[in-house]
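What follows is each chain in one-letter form.
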Amino acid sequence: MRLTCPVCGDRDRREFTYLGHETYLHRPPAGAPAEAWDAYLHLRDNPAGLTRELWHHGSGCGAWLLVERDTVTHDILSVRLAREDTA
Amino acid sequence: MRFSALEIIKQGLIGNTGWRPHWRSPQPKSEYDILIIGGGGHGLATAYYLAREHGLSNIAVLEKGYLGGGNVGRNTTIVRANYGMPGNSEFYSHSLKLWEGLEQELNYNAMMSQRGIYNLFHSDGQRDAYARRGNTMITQGDDAELLDRDAVRKRLPYLDHDNARFPVLGALYHGRGGTARHDAVAWGFARSADQRGVDLIQTCEVTGIDIDKGRVTGVQTTRGAIRAKTVGIVVAGRSSQVAAMAGLRLPIESHILQAFVTEGLKPCIDTVVTFGMGHFYISQSDKGGLVFGGDLDFYASYAARGNLPMAEHVMEAGMALMPMIGQARVLRSWGGIMDMTPDGSPIIDKTPIEGLYLNAGWCYGGFKAVPGSGYSFAHLLATGTHHAPAARFRLDRFARGDVIDEEATGSQHNLH
Ligand SMILES: Cc1cc2nc3c(=O)[nH]c(=O)nc-3n(C[C@H](O)[C@H](O)[C@H](O)COP(=O)(O)OP(=O)(O)OC[C@H]3O[C@@H](n4cnc5c(N)ncnc54)[C@H](O)[C@@H]3O)c2cc1C
Ligand SMILES: [Zn+2]
């Protein structure tokens, strides 16, 4: 598996660390009810197929990446900077 | 037919023509009292204990592929009771006790071998942590022994004891731990469940769960609709998909775990060894292959195959620990789909839908749990109450903040 970092280009999977589903981009506001935190931290759609998730380019530019990936074939469909999505 | 030495002799005299299939292949009926979705180790054990402990037999196990074709036939077969957290400790202790009587009970050779497990440590901090764990195990009623450097050197002479970075300082030894033949465990439970009247229905994929006014009424399958008022979901890595058929969203992310086996070798490793630095563990199968593995691949996956970086990491860790295996050729590697929970511990519970029960989240440690999980899940299905050793494996524990985080790595699915 290889990821094409928008900053660094095509790199080996070893340079990246997986955090989890893009759910992690949608942190509940302070004071949100417990159910919101439960959904944020624990509950997942866990799709067999297309998913969107966060990877960190730790051995490269250090950017957080939003990766569109197929969990069945391991195909990478797109890699973008996560900050563009949260802005 | 009862298996025995006498039966083998008898069959030998008649040219082995009298052996019969180990279970029937019935057509599904239109209704059962209880349906078990998933014919892996946990599903088959659940059906068996429902019949044996609770006298129920109007039960079907629905398996989309063949019995034992999932993770129960893909794991590295290690059985142990060396957990430390309340919740896990009593559960795995109970499960190991069931393992110890299992072959006689099932009249099936599961090749259960209590060959012992060495958890090596390489620093003072690790020694302290293992000493504490050992005390917890002893308090639970299980066995543990803290071995010093010399004792480990004598018992496992083939390790790289004086490795400059990771010297072996000692080990926590769990003598009742060991390995079992994974397929035979599934087959043994299947045969005994079948003998007690349970219908084992293969190539029958559940495609929908029928719910009426908050109560489960049956399932849709590739072999037609089947009605039941009690349904248990026991599908390991596919838990999220099957639960979604009932509108449930689970605290689970599926991940890949790889394992490796070498060509058959003369007996050289007569126990189970785990490396304390870098994730690596190894045993030798009765056929002679070295069976070993390491960590998850760390990203969500349903591919049932892994990637090269983890394969490389596992080989490197193995070479750092026991360079002697470097001459062995790797024969095969494979992966299985693990239902990872945010605390690394499983779920045996009711769901918000009446009559629908969930057994899931075994992560990469569910083989040793097979008898205990089946026993406790059967208790829950039959009585509607939680069985004491599994009473903390609740679905709502995450929302309540009452997690069982054995490895203290926090609430991230891939970190356990
Ligand atoms: C490489 C590897 C090494 C491991 N090593 C160990 C170890 O050393 N010790 C240990 O304790 N554990 C280990 N495990 C974990 C252990 O194998 C699993 O936790 C355990 O087998 C899961 O439970 P099961 O046996 O019921 O799963 P499975 O055998 O996977 O059973 C689930 C069944 O459900 C069926 N199913 C899924 N969806 C449907 C549907 N819609 N309809 C009908 N049927 C369906 C599947 O086909 C499958 O047969 C390891 C796992 C792997 C992959
Ligand atoms: Zn980069």
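Here, every reference points to the structure presented above.
What you see is a predicted model, and the numbers here were worked out from it, not measured in a lab. (Residues numbered from 1 in each chain as written. Chains lettered and ligands numbered in written order. Predicted model: local features only at pLDDT ≥ 70, side-chain atom pairs only at ≥ 80, totals over all residues. Heavy atoms only, no water.)

## Describing the side chain of His-182 of chain B
Spelled out, the test is: Going along the chain from the N terminus, every DSSP run of H or I of four or more residues is numbered as a helix, and every run of E of two or more is numbered as a strand. Contacts are assigned to residue pairs with any non-hydrogen atoms lying within 4.5 Å of each other.
Looking at the secondary structure, you find His-182 of chain B in helix 6 (residues 182–195). Leave out the neighbours within four places in its chain, and His-182 of chain B touches Val-72, Gly-73, Arg-74, Asn-75, Thr-77 and Phe-367 of chain B.

## Brief notes about the interface of chain B and chain A
A common measure of how large an interface is: the accessible area buried when the components associate. We count it as follows: Once two parts are joined, some of their accessible surface, as seen by a 1.4 Å probe, is lost; buried area is that loss totalled over both. One speaks of a salt bridge when a side-chain nitrogen belonging to Lys or Arg is within 4 Å of a carboxyl oxygen belonging to Asp or Glu. Each polar contact in these results corresponds to two N or O atoms within 3.5 Å; when the atoms are within protein, one needs to be able to donate a hydrogen and the other to accept it, and residues that are neighboring in sequence are counted only if both atoms are side-chain atoms.
With 29 residues of chain B at the contact, the number on the chain A side is 25 residues. When chain B packs against chain A, close to 2,300 Å² is buried across both sides, 46% of that on carbon and sulfur atoms. The largest contributions to the chain B side of the interface with chain A come from Arg-249, Tyr-299 and Tyr-302 of chain B, which together make up 28% of the buried area. Among the ionic pairs, Glu-312 of chain B bridges to Arg-14 of chain A, the shortest N-O distance being 2.9 Å. Here chain B and chain A share 16 residue pairs in polar contact (both at pLDDT 80 or more) between them. For the side of chain B that touches chain A, the elements supplying multiple residues, two or more each, are helix 7 (239–244), strand 13 (253–264), strand 16 (289–300), helix 8 (308–321) and helix 10 (397–400) of chain B.

## Considering the coordination of the zinc ion (ligand 2)
Tetrahedral metal sites with four donors have an ideal angle of 109.5 degrees; octahedral sites with six donors have ideal angles of 90 or 180 degrees. Residues and elements named next belong to chain A. Note the following rule: Only nitrogen, oxygen and sulfur atoms within 2.8 Å of the metal, or 3.2 Å for Na, K and Ca, are treated as donors, and water is left out, so sites may look incomplete. Key to geometry: four donors with every angle between 85 and 135 degrees are tetrahedral; four donors are square planar and six octahedral where opposite donors lie over 155 degrees apart and all remaining angles lie between 65 and 115; all other sites are irregular. The rule is simple: take the accessible area with a 1.4 Å probe, protein chains only, and divide by the maximum for that residue type; under 20% is buried, over 50% is exposed, in between is partly exposed.
Coordination of the zinc ion (ligand 2) by the protein comes from Cys-5 (SG), Cys-8 (SG), His-57 (ND1) and Cys-61 (SG), over a distance range of 2.1 to 2.4 Å. One can describe the site at the zinc ion (ligand 2) as tetrahedral: its four donor atoms subtend angles covering 105 to 121 degrees at the metal. Within one chain, the residues serving as donors to the zinc ion (ligand 2) are arranged as C-x2-C-x48-H-x3-C. Residue classification places His-57 among the buried residues on the basis of a relative accessible area of 0%.

## What to know about the pairing of strand 2 (residues 9–12) of chain A
Residues and elements named next belong to chain A. Going by this rule: In this scheme, strands are said to pair when DSSP sees at least two bridges between them.
Examined bridge by bridge, strand 1 (residues 2–5) and strand 2 share four bridges and lie antiparallel to one another. For Arg-2, the partnering residue across the bridge sits in strand 2 and is Asp-12. What sits between the antiparallel neighbours strand 1 and strand 2 is a turn of three residues.

## Section: the environment of Asp-75 of chain A
Residue and element names in this part refer to chain A. By the element assignment, Asp-75 lies in the loop between strand 5 (64–70) and strand 6 (76–81). Distance in space between the C-alpha atoms of Asp-75 and Pro-47 is 14 Å, their sequence separation being 28 residues. In this structure, Asp-75 is in contact with Glu-68, Arg-69 and Asp-70, ignoring residues within four places of it in sequence.

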